[in-house]
Amino acid sequence: MNWNESIEDFSTYLKLEKSLSPLSIDAYLNDIKKLESHIRLIRKKTTIPEKITSEDLKLFLEWLNETGLSGKSQARIVSGIKAFFRYLLLEDYVEDNPASLIEAPRISKNLPQVLTVEEIENMISAIDLSTPLGHRNKAIIETMYGCGLRVSELCQLRLSNIYFDKSFVRIIGKGNKERLIPINPSALKSIQHYVDGSRRQVSIAKEAVDNVFVTTRGKPISRIMIFNIIKKTTSDAGINKNISPHSLRHSFATHLIEGGADLRAIQEMLGHASITTTEIYTHLDKHFLKENIISYHPRNQAKK
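Residues numbered from 1 in each chain as written. Predicted model: local features only at pLDDT ≥ 70, side-chain atom pairs only at ≥ 80, totals over all residues. Heavy atoms only, no water.

**Concerning the packing of aromatic side chains**
Both the distance between ring centres and the angle between the ring planes are used here to describe each pair of aromatic rings.
Line of reasoning, step 1. This model, assessed by the stated rule, comprises 10 aromatic pairs.
Line of reasoning, step 2. Taking 5.3 Å as the distance between ring centres and 75° as the angle between the ring planes, the aromatic pair formed by Phe10 and Phe84 counts as edge-to-face. With a gap of 74 residues between them, Phe10 in helix α1 (residues 3–16) and Phe84 in helix α4 (residues 71–90) connect regions that are remote in the sequence.
Line of reasoning, step 3. Consider the rings of Tyr194 and Phe213, whose centres lie 5.7 Å apart with planes at 15°: the pair is stacked. Highlighted residues: Tyr194 in helix α8 (residues 185–196) and Phe213 in the loop between α8 and α9 (223–236), separated in sequence by 19 residues.
Line of reasoning, step 4. An aromatic cluster of three or more residues is present, and its members are Trp3, Phe10, Tyr13, Tyr28, Phe84, Phe85, Tyr87 and Tyr93. (Phe/Tyr/Trp six-rings, centres within 6.5 Å; stacked < 30°, edge-to-face > 60°. Helix = DSSP H or I, 4+ residues; strand = E, 2+ residues; numbered from the N terminus.)

Here's what the structure looks like:
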């Protein structure tokens, strides 16, 4: 099987069986095409995926490193290549997996800064509710922090997916996977106030009729706008931290863990496929961990 055929089949596999987004699929395919181009360059001729060896992949990784590509980008490319050859092995296109022994570069986890509960309160208090945009922005921050949403999920949040009587929101996350998230009364009240008030004063565009959050022109709100709202509100609250919309999601998870919530429940609410990802988001300070170990470890319980 040639490169074009194997890449096309791999693309179909990622879309239908892995339910990846078009952007994720494009990233995987671009990584495979980089490998194909490099193999053609070093071998001076066209070859097929079945002929790729672990030595070929090692030379490719060395070349990536020499280009000055960041460790994070290199790790992503390695992940794509590993997935590609796992697929070829699964479909019996290759007899051995040359990528089984290659390792991605170690990268540090750059976690977003966490806001304290008091800082969240200060942000909300700093919003000017005398303006129509104030009620929208308050509902945005309350919802992001109250539900731990990704910024893309907030932008796409639908009125028809908010169950006001049950205090739940239905979210369409990565890979079109759905999840139900309980929403606290404060966030729900802010959304209701905005929807019944300032949102009604806007002429809503046809494509945004069911969107919860819209611009002053009635268009769906964008990621950039959310970013700017968070930045301005943080500044108005006098918070000197490098805060992004993702910081609210991270704070949501961290505060739940500190309050004693179950990690599996948080995983479900965040929409993480792996519990390992949730553990990264719920980065906790050493004092909190120490207190929990002392309080709940059975050997410590026995001594009381």
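Picking up after the structure, the text goes on.
**Focus on the sheet that holds strand β1 (residues 162–163)**
Across a sheet, paired strands are connected by hydrogen bonds in the backbone, their directions being either parallel or antiparallel.
Line of reasoning, step 1. Taken in spatial order, the three strands make up an open sheet running β1-β2-β3, and their pairing is antiparallel. Across the chains shown, the open sheet's two edge strands, defined by having one partner strand only, are β1 and β3 (178–182).
Line of reasoning, step 2. Where β1 lies against strand β2 (residues 168–172), two bridges are found, and the strand directions are antiparallel. Counterpart to Ile162 in the pairing with β2 is Val169. (Pairing = 2+ DSSP bridges.)

**Quick word on the side chain of His135**
Line of reasoning, step 1. One can find His135 in helix α6 (residues 132–147).
Line of reasoning, step 2. In terms of polar contacts, His135 uses its side chain to reach the backbone carbonyl oxygen of Leu129, at 3.1 Å.
Line of reasoning, step 3. Once you skip the residues sitting within four places of it in the chain, His135 turns out to touch Leu129, His193, Tyr194 and Ser198. (Polar contact = N/O pair within 3.5 Å; in protein donor to acceptor, adjacent residues only side chain to side chain. Contact = heavy atoms within 4.5 Å.)

**A look at α4**
Line of reasoning, step 1. The end-to-end C-alpha distance of α4 is 28 Å, a good match for the 28 Å that 20 residues give at a rise of 1.5 Å each.
Line of reasoning, step 2. Three or more residues of α4 are buried, namely Gln74, Ala75, Ile77, Val78, Gly80, Ile81, Lys82, Ala83, Phe84, Phe85, Tyr87 and Leu88.
Line of reasoning, step 3. Following α4 by one or two positions, Asp92 has its phi on the positive side, about 65°. (Expected span 1.5 Å × (residues − 1). Buried < 20%, exposed > 50% of the residue type's maximum accessible area, 1.4 Å probe, protein only.)

**Structural notes on the pattern of salt bridges**
Line of reasoning, step 1. Scanning the model with the defined rule gives 10 salt bridges in all.
Line of reasoning, step 2. We note a salt bridge from Glu153 to Arg179, for which the minimum N-O separation is 2.8 Å. Of this pair, Glu153 sits in helix α7 (residues 151–155) while Arg179 sits in strand β3, and the two are 26 residues apart along the sequence.
Line of reasoning, step 3. The exposure class of Glu153 is buried, given its relative accessible area of 4%.
Line of reasoning, step 4. Taking the shortest distance from any N to any O, the salt bridge between Arg200 and Asp196 comes out at 3.7 Å.
Line of reasoning, step 5. Under the relative-accessibility criterion, Arg200 is labelled exposed at 63%.
Line of reasoning, step 6. Under the relative-accessibility criterion, Asp196 is labelled partly exposed at 40%.
Line of reasoning, step 7. Each of Arg150, Glu153 and Arg179 takes part in one network of salt bridges that share partners. (Salt bridge = Lys/Arg side-chain N within 4 Å of Asp/Glu carboxyl O.)

**Topic: helix α10 (residues 245–258)**
Line of reasoning, step 1. An ideal rise of 1.5 Å per residue puts 20 Å on 14 residues; α10 measures up with 21 Å between its terminal C-alpha atoms.
Line of reasoning, step 2. Burial within α10 is extensive, with 11 of its 14 residues counted as buried.
Line of reasoning, step 3. Taken as a whole, α10 has its buried residues at Pro245, Ser247, Leu248, Arg249, His250, Ser251, Phe252, Ala253, Thr254, His255 and Ile257.

Shape descriptors only; they carry no functional weight alone.
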